[in-house]
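Examining the three-dimensional arrangement
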Amino acid sequence: MNAPATAPASSMPAITYNFAYLDEQTKRMIRRAILKAIAIPGYQVPFASREMPMPYGWGTGGVQVTAAILGADDVLKVIDQGSDDTTNAVAIRTFFETTAGVATTTRTQDATIIQTRHRIPEAELKAGQTIVFQVPIPEPLRFLEPRETETRRLHGLADYGLMQVKLYEDIARHGHIATTYAYPVKVEDRYVMDPSPIPKFDNPKMNDSPALQLFGAGREKRIYAIPPYTQVVSLDFEDHPFKVQAFKEPCALCGATGVYLDEVILDDKGGRMFVCSDTDHCATRQAEGHTGTMSAPYAAQPGPLTPSPSPARGEGGNPTGIPSPLVGEGGSRPSRETGEGFATGESGEAR
Amino acid sequence: MTTDTPLLTAQGLAKYYGHRLGCRDVDLTLHEGEVLAIVGESGSGKSTLLGLLSTELAPTAGRVAYRMRDGETRDLASLSEAERRLLLRTDWGFVRQHAEQGLRMAVSAGGNVGERLMAVGWRHYGDIRSEATDWLSRVEIAAERIDDDPRTFSGGMRQRLQIARNLVTRPRLVFMDEPTSGLDVSVQARLLDLIRQLVEEFGLAVVIVTHDLAVARLLSHRIMVMKSGRVIEQGLTDQVLDDPREPYTQLLVSSVLAA
Ligand SMILES: Nc1ncnc2c1ncn2[C@@H]1O[C@H](COP(=O)(O)OP(=O)(O)OP(=O)(O)O)[C@@H](O)[C@H]1O
Ligand SMILES: [Mg+2]
Ligand SMILES: [Zn+2]
């Protein structure tokens, strides 16, 4: 099925990769782990994680899962914190273009496989699609129980009082459940699972999703899964029910509401705006003629505003507050830090 | 089922660590509301016995049976891991000498007390919190300390917090291994007082390991004296301590008097 492919890049010497980089035996091993994970929703399956030609922080677990399930006909989308254009997303997309020669896209609807770090797209996923999450720490109980033997036993016995203790501590310290990302869920009323550092805003999208959801943790050597149409419930208390983040204003570029927004700094005088974290969603809406308060003057509505940023997005929006593993990215938004940087920013990538 | 049926029975219990004897030939019965002290010098097998009774250690020989809340007496070796854990965190308690082994040091006092409640399915924050507050006051910890973690507590407070954490599910049986040693004398006295009062109020059965005969005298109804892994004398606490039969017990008692 997956014949060895030759790297298409003409500028390179003729390096021969196996299709999607990993050898067939390794891919079979990973597929077995994936099948087991699908059979036991939410259960962490150990696998023999391989070294990949990129650092762990780049999502080698997700990359290995994608490599193992990728076929020649697949269309791949790669996002990092909602954006198709961060260094990380571009690197992984290029990696698979080079090693597998598959088609890639930024459009959620057109993708058959979506590899993601820190977000689930706003567009509803469909049956037949697979979303692959990059996971840094797969064990949701680690916060209170560092012993691996013990956490395994707790999962085995569905003994999850400890997880509730963590939420209790949150409320005791902050007055509400302050966990805003990697918010623990219970899958099919059995296993408690870490959804990876997506904002809790995305948690409800995991419930009863028509898409297959796969999770890969490279450094920690674990794979887990949520098969299509599986119940996924965010943990909470009766008197402190789970709530997603709400945003006061719509997206400044496309006017979308009910989506996850990133704050963008416009200048050093406190100017800022909120825009869709999902760049494809935002671009699609703008193309459909939707506008926001900061839409460019050429948009349908009279454009009131300066500066008028292009819809292009720089890298590095970090809604989770987790320091990015990318060297030089540092969790800040270098290309958006100043008005100039943003206004001129990377217009070549405008979509 | 009658309350004459013992709560806990052990027969022919033995534990070897490789070739080294931990304890052997131990038989005992414990009734509801009864306090049994296990005394003996260091290395005599007290903690080993406690570990066997509480299922923390697997016996080399012998068996332990317990009358469950539903009235059925079960051989503890026959419990599934899930049943055993449920027993440990509902109907039993374990108070340890070193609080770090009995508490979650990075979790607030309220979280420590609430953990068992959450483990058995409590999901109402307000209810958990008010139950925790109530238990903190029972063990004389000020309500305003509820969000502090035990690292900020004194030794005596930590032991009292351990007790609250254990008693919150109203267990019928509590194991204690040297709960007062290492504490100042005045702190010890206050803790013993509290334990005695709670034992009475809740009709707790207790197996307490101590090398301090004064502790045994204050708290226990019955006493077992261990030497080199075996029980050499047992009976009502006052009788054994006032009129010890065995030369070894006489020695223990006299050394206490001398101290
Ligand atoms: N884990 C172990 N491995 C090997 N030997 C052990 C172990 N635990 C206890 N022993 C041995 O078993 C015997 C009984 O020990 P145990 O800890 O039960 O005594 P103890 O009466 O509780 O003593 P102490 O008063 O010092 O706590 C001792 O000889 C001890 O060295
Ligand atoms: Mg001991
Ligand atoms: Zn938008």
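The structure we're discussing is the one just above.
Figured I'd write up the structure that's included with this text.

Definitions and limits used
- Residues numbered from 1 in each chain as written.
- Chains lettered and ligands numbered in written order.
- Predicted model: local features only at pLDDT ≥ 70, side-chain atom pairs only at ≥ 80, totals over all residues.
- Heavy atoms only, no water.
- Helix = DSSP H or I, 4+ residues; strand = E, 2+ residues; numbered from the N terminus.
- Buried < 20%, exposed > 50% of the residue type's maximum accessible area, 1.4 Å probe, protein only.
- Contact = heavy atoms within 4.5 Å.
- Areas by Shrake-Rupley, 256 points an atom, 1.4 Å probe, with all protein chains shown as cover.
- Pairing = 2+ DSSP bridges.
- Buried area = accessible area lost by both parts, 1.4 Å probe.
- Salt bridge = Lys/Arg side-chain N within 4 Å of Asp/Glu carboxyl O.
- Polar contact = N/O pair within 3.5 Å; in protein donor to acceptor, adjacent residues only side chain to side chain.
- Nonpolar A, V, L, I, M, F, W, Y, C, P; charged D, E, K, R; others polar.
- Phe/Tyr/Trp six-rings, centres within 6.5 Å; stacked < 30°, edge-to-face > 60°.
- Lys NZ or Arg CZ within 6 Å of the ring centre and 35° of its normal.
- Near = heavy atom within 4 Å.
- Core = buried A, V, L, I, M, F, W, Y, C linked by side-chain atoms within 4.5 Å.
- Axes fitted to C-alpha atoms, helices over the stretch in contact; angles between N-to-C directions.
- Expected span 1.5 Å × (residues − 1).

Moving on to the overall build of chain A. In terms of regular secondary structure, chain A is built from eight helices and 14 strands. Here chain A holds 351 residues, and 55% of them are scored as buried. Once local pairs closer than 6 in sequence are excluded, the contacts in chain A between residues at least 24 apart make up 62%. Of the roughly 14,700 Å² of accessible surface on chain A, 54% is carried by carbon and sulfur atoms.

Residue and element names in this part refer to chain A. Counting buried positions along strand β7 (residues 130-134) yields five of five residues, so the element is predominantly enclosed. The alternating pattern of β7 places Thr-130, Val-132 and Gln-134 on one face and Ile-131 and Phe-133 on the opposite face, and all of these are buried. Where β7 lies against strand β10 (residues 212-217), five bridges are found, and the strand directions are parallel. Looking at β10, one finds that Phe-133 is bridged to Phe-215.

At the interface, 21 residues of chain B touch 21 residues of chain A. Where chain B abuts chain A, roughly 1,800 Å² becomes buried across the two surfaces, and 57% of that area is made up of carbon and sulfur atoms. It is B:Arg85, B:Arg123 and B:Tyr125 in chain B that bury the most area against chain A; as a group they hold 39% of the surface buried on that side. Our enumeration of links across chain B and chain A arrives at three salt bridges. A salt bridge links B:Arg85 to A:Asp159; the nearest nitrogen and oxygen atoms lie 3.5 Å apart. Run the count over chain B and chain A and you get eleven residue pairs in polar contact (both at pLDDT 80 or more). At the level of elements, α2 (81-90), α4 (109-119) and α5 (125-138) of chain B are the ones that each hand at least two residues to the side of chain B that touches chain A. Broken down by element, the residue count for the side of chain B that touches chain A peaks at five residues, all from α4(B). Looking at the side of chain B that touches chain A residue by residue, the classes come out as eight nonpolar, five polar and eight charged.

Okay, the packing of aromatic side chains next. Under the counting rule described, the total for this entry stands at 15 aromatic pairs over all chains. Measuring from centroid to centroid gives 5.9 Å for B:Phe94 and B:Phe175, while their planes differ by 40°, and the two rings are tilted. You can see B:Phe94 sitting in strand β6 (residues 92-95) and its partner B:Phe175 sitting in strand β7 (residues 173-177), a full 81 residues away along the chain. Look at B:Phe94 and you get buried, because its relative accessible area is 12%. Taking relative accessible area as the criterion, B:Phe175 reaches 1% and is therefore assigned buried. Each member of the aromatic cluster is reached from another via a ring pair, and the members are B:Tyr66, B:Trp92, B:Phe94 and B:Phe175. Against the face of A:Tyr191 rests A:Arg190, its NZ or CZ located 4.1 Å from the ring centre. The side chain of B:Arg138 reaches across the aromatic face of B:Trp135, ending 4.8 Å from its centre.

Quick look at the site of ligand 1 now. All names here are of chain B. In the vicinity of ligand 1, the residues found are Tyr-17, Arg-20, Leu-21, Gly-22, Glu-41, Ser-42, Gly-43, Ser-44, Gly-45, Lys-46, Ser-47 and Thr-48. In the model, an oxygen atom of ligand 1 is placed 2.8 Å from a nitrogen or oxygen of the Lys-46 side chain. Within the complex, 61% of the 640 Å² of free accessible area of ligand 1 lies under protein. Among the secondary structure elements, those contributing two or more residues to the shell around ligand 1 are β2 (20-30) and α1 (46-53). Its residues placed into classes, the shell around ligand 1 shows two nonpolar, seven polar and three charged.

With that out of the way, let us pick up the nonpolar core. Judged by nonpolar contacts, the single largest core of 68 residues is most densely connected at A:Tyr168, A:Phe237, B:Val113, B:Leu161, B:Ile163 and B:Ile208. Element by element, the count of residues in this core is highest for helix α5 (residues 161-174) of chain A, at seven residues. When near neighbours in sequence (up to four residues on either side) are disregarded, B:Leu161 contacts B:Leu103, B:Ala109, B:Asn112, B:Val113, B:Leu136, B:Ile141, B:Pro150 and B:Phe153. Ranked by size, the runner-up nonpolar core spans 32 residues in total, among them A:Ile34, A:Leu76, A:Ala89 and A:Leu212.

A separate point is the sheet that holds strand β4 (residues 61-67) of chain B. Residue and element names in this part refer to chain B. The four strands are arranged β2-β1-β4-β5 in an open sheet whose pairing can be described as antiparallel. A single partner strand is all that each edge strand has here, and the edge strands are β2 and β5 (73-75). The average undirected angle you get between the axes of adjacent strands in this sheet is 20°. Relative to β5, β4 runs antiparallel, the two sharing three bridges. Within the sheet, the bridge partner assigned to Ala-65 lies in β5 and is Asp-75. Here α1 sits on the sheet and contacts β1 (8-17), β2 and β4; the angle it forms with β1, its principal contact strand, is near 125°.

Looking now at helix α6 (residues 155-167) of chain B. Residues and elements named next belong to chain B. Its 13 residues give α6 an end-to-end C-alpha distance of 19 Å, which sits within 8% of 18 Å, the value for a rise of 1.5 Å per residue. Taking burial as the measure, the 13 residues of α6 include twelve buried ones, the bulk of the element. For α6, every residue scored as buried is listed here: Gly-156, Met-157, Arg-158, Gln-159, Arg-160, Leu-161, Gln-162, Ile-163, Ala-164, Arg-165, Asn-166 and Leu-167. In this structure, the buried residues of α6 make contact with β6, α3 (99-102), α4, α5, β7 and α7 (185-202).

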